[in-house]
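Notes for the structure review
What follows is the residue order along each chain.
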Amino acid sequence: MIEVLDPGALTTVQDLGRPGWAHLGVPRSGAADTRSLRLANRLVANPDGAAALETTLVGPRLRLTADAMVAITGATVDARAGDRTVPMNAPVYLRAGAVLEIGAATAGLRTYVAVRGGLACERTLGSASTDLLTGLGPRPLRAGDELAVDRAPDTFPAVDVAPAAPPEDAPCLGIVFGPRADWFTDEARRRLTGGGYEVSDTSNRVGIRLLGPELPRHGEDELPSEGMIAGALQVPPSGTPILLLADHPTTGGYPVIAVVRRRDLPAAGQLRPGQRVRFRASRDPVRGA
């Protein structure tokens, strides 16, 4: 078991989500930065989609009740187990009784903590992910919670470190225009790929509200609700876009001017309030999606 001494700012259980249920109004959810989740699991020889912890800005304090191997990836943090520094992007063996403390993120927003064997959580619609929009999955961690760990795999980690660059200070995300780009003026396209936007402090796993140039439309027509995906840049009447993330609603009535490339979604999941982000049009709409 793992005892939660302090849950941090917001710590949830995440895996690769629950795809295939959008027709019932259930988003995919899952890790906001799937690249970092996969890496954390691979470092401790778990399957890519094993359940792990996703921390937000300030991580938890956890007591291990048995020997365990852990890996920490994603947003850069100072992690410690007693007087020992726990490095990032490496499998680390900790003894029973050790208290693992995940500090505040200094680059990026979300850090992933994988334990060899993965977290043994009840699955809803095939996933143990916490969905903050629908409430499916385990609730966010609270002090006093106890987390069970599944049986360790038969294989062992293949590397002792996997160097990974920290999240960028001002990332540039590739986009594909559409499906409602024709609702917007040419000036809106230029503004979207121009000087960039600032991440609002009202952002969360559902979506990132962006502060910056307004995107003018051709008219005032209303759009019937249609399907949404992670990475969609919705534009509400205010004219400033919202970038949908893992817990996004499955339908929406605001026109989508563009969609962030799938390969850039992990970087979007690491955007923190006050950070700058830019967008560039993909030259290959098919491969860029």
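See the structure printed just above.
The rules behind these values
Residues numbered from 1 in each chain as written. Predicted model: local features only at pLDDT ≥ 70, side-chain atom pairs only at ≥ 80, totals over all residues. Heavy atoms only, no water. Helix = DSSP H or I, 4+ residues; strand = E, 2+ residues; numbered from the N terminus. Rg over C-alpha atoms; globule rule 2.2 N^0.38 Å. Buried < 20%, exposed > 50% of the residue type's maximum accessible area, 1.4 Å probe, protein only. Contact = heavy atoms within 4.5 Å. Areas by Shrake-Rupley, 256 points an atom, 1.4 Å probe, with all protein chains shown as cover. Arc of directions from axis to C-beta. Polar contact = N/O pair within 3.5 Å; in protein donor to acceptor, adjacent residues only side chain to side chain. Lys, Arg positive; Asp, Glu negative; His and termini not counted. Salt bridge = Lys/Arg side-chain N within 4 Å of Asp/Glu carboxyl O. Pairing = 2+ DSSP bridges. Axes fitted to C-alpha atoms, helices over the stretch in contact; angles between N-to-C directions.

**A closer look at the overall build of the protein chain**
For the protein chain, the count of helices and strands is four helices and 20 strands. Against the 2.2 N^0.38 benchmark of 19 Å for 289 residues, the protein chain shows a C-alpha radius of gyration of 20 Å, consistent with a compact globule. When the backbone C-alpha atoms are referred to their principal axes, the protein chain occupies close to 65 × 35 × 35 Å. In the protein chain, which comprises 289 residues, the share counted as buried stands at 49%. Sequence separation of 24 or more characterises 76% of the internal contacts of the protein chain that already satisfy a separation of 6 or more. In the form shown here, the protein chain has an accessible surface area of approximately 13,200 Å², with 51% of it arising from carbon and sulfur atoms.

**Observations concerning helix α1 (residues 34-43)**
Among all positions of α1, only Ser-36, Leu-37, Ala-40, Asn-41 and Leu-43 are buried. Looking down the long axis of α1, one finds its buried residues gathered within 160 degrees of arc, a one-sided arrangement. Buried residues in α1 make contact with β2 (11-14), β3 (52-56), β5 (68-76) and β10 (107-115). One side-chain oxygen of the residue at the start of α1 lies 3.2 Å from the amide nitrogen of Arg-35, identifying that residue as Asp-33. Looking at the residues trailing α1, positive phi occurs at Ala-45, about 65 degrees.

**Quick notes on the side chain of Arg-116**
With respect to the secondary-structure elements, Arg-116 resides in the loop between β10 and β11 (146-147). No salt bridge is formed by the buried Arg-116; its nearest oppositely charged neighbour, Asp-154, is found at 6.9 Å. A polar contact is formed between the side chain of Arg-116 and the backbone oxygen of Val-44, at a distance of 3.2 Å. A polar contact of 2.7 Å, which involves the side chain of Arg-116, links it to the backbone oxygen of Thr-155. Leave out the neighbours within four places in its chain, and Arg-116 touches Val-44, Ala-45, Asn-46, Met-69, Val-149, Asp-150, Ala-152, Pro-153, Thr-155, Phe-156 and Pro-157.

**Some thoughts on unusual backbone geometry**
Of note, the bond from Gly-178 into Pro-179 is cis; its omega dihedral lies within 30 degrees of zero at 5 degrees. Inspection of the secondary structure puts Pro-179 in the loop between β12 (172-177) and α2 (186-192). Backbone geometry at Leu-125 places phi at a positive 55 degrees, although glycine is not the residue there. Inspection of the secondary structure assignment puts Leu-125 in the loop between β10 and β11. Using a relative accessible area of 33% as the deciding quantity, one classes Leu-125 as partly exposed.

**Observations regarding the sheet that holds β2**
Taken together, the five strands give an open sheet; going across it, the order is β2-β3-β10-β5-β8, and neighbouring strands pair in antiparallel fashion. The strands lining the two open edges of the sheet, one partner per strand, are β2 and β8 (92-94). Taking each pair of neighbouring strands and ignoring which way they run, the sheet shows an average axis angle of 30 degrees. In terms of strand pairing, β2 meets β3 through four bridges, oriented antiparallel. Of the residues in β3, the one forming a bridge with Thr-11 is Thr-55. Sheet contacts for α1: β2, β3, β5 and β10; angle to β5, the most-contacted strand, approximately 155 degrees.

**Some words on the sheet that holds strand β19 (residues 256-260)**
Pairing is mixed around the closed barrel formed by seven strands, whose spatial order is β12-β19-β16-β17-β14-β13-β20. Each adjacent strand pair in this sheet contributes to an overall mean axis angle of 40 degrees, direction not counted. Alignment of β12 against strand β20 (residues 276-281), held across four bridges, turns out to be parallel. In the sheet register, Leu-173 faces β20, and the bridge partner there is Phe-279.

**A word on the side chain of Asp-264**
With respect to the helices, strands and loops of the structure, Asp-264 is situated in the loop between β19 and α3 (265-268). Here Arg-261 takes part through its side chain, which lies 2.9 Å from a polar atom of the side chain of Asp-264. Other than its neighbours up to four places away in sequence, Asp-264 contacts Cys-172, Leu-173, Gly-174 and Arg-280.

**So, the environment of Thr-73**
By the secondary structure assignment, Thr-73 is in strand β5. If sequence neighbours within four positions are ignored, Thr-73 has contacts with Ser-36, Leu-37, Leu-39, Ala-40, Leu-43, Met-88, Asn-89, Arg-110, Thr-111 and Tyr-112. Within polar-contact distance, the side chain of Thr-73 engages the backbone oxygen of Ser-36 at 2.7 Å.

These figures come from the coordinates and say nothing about function on their own.
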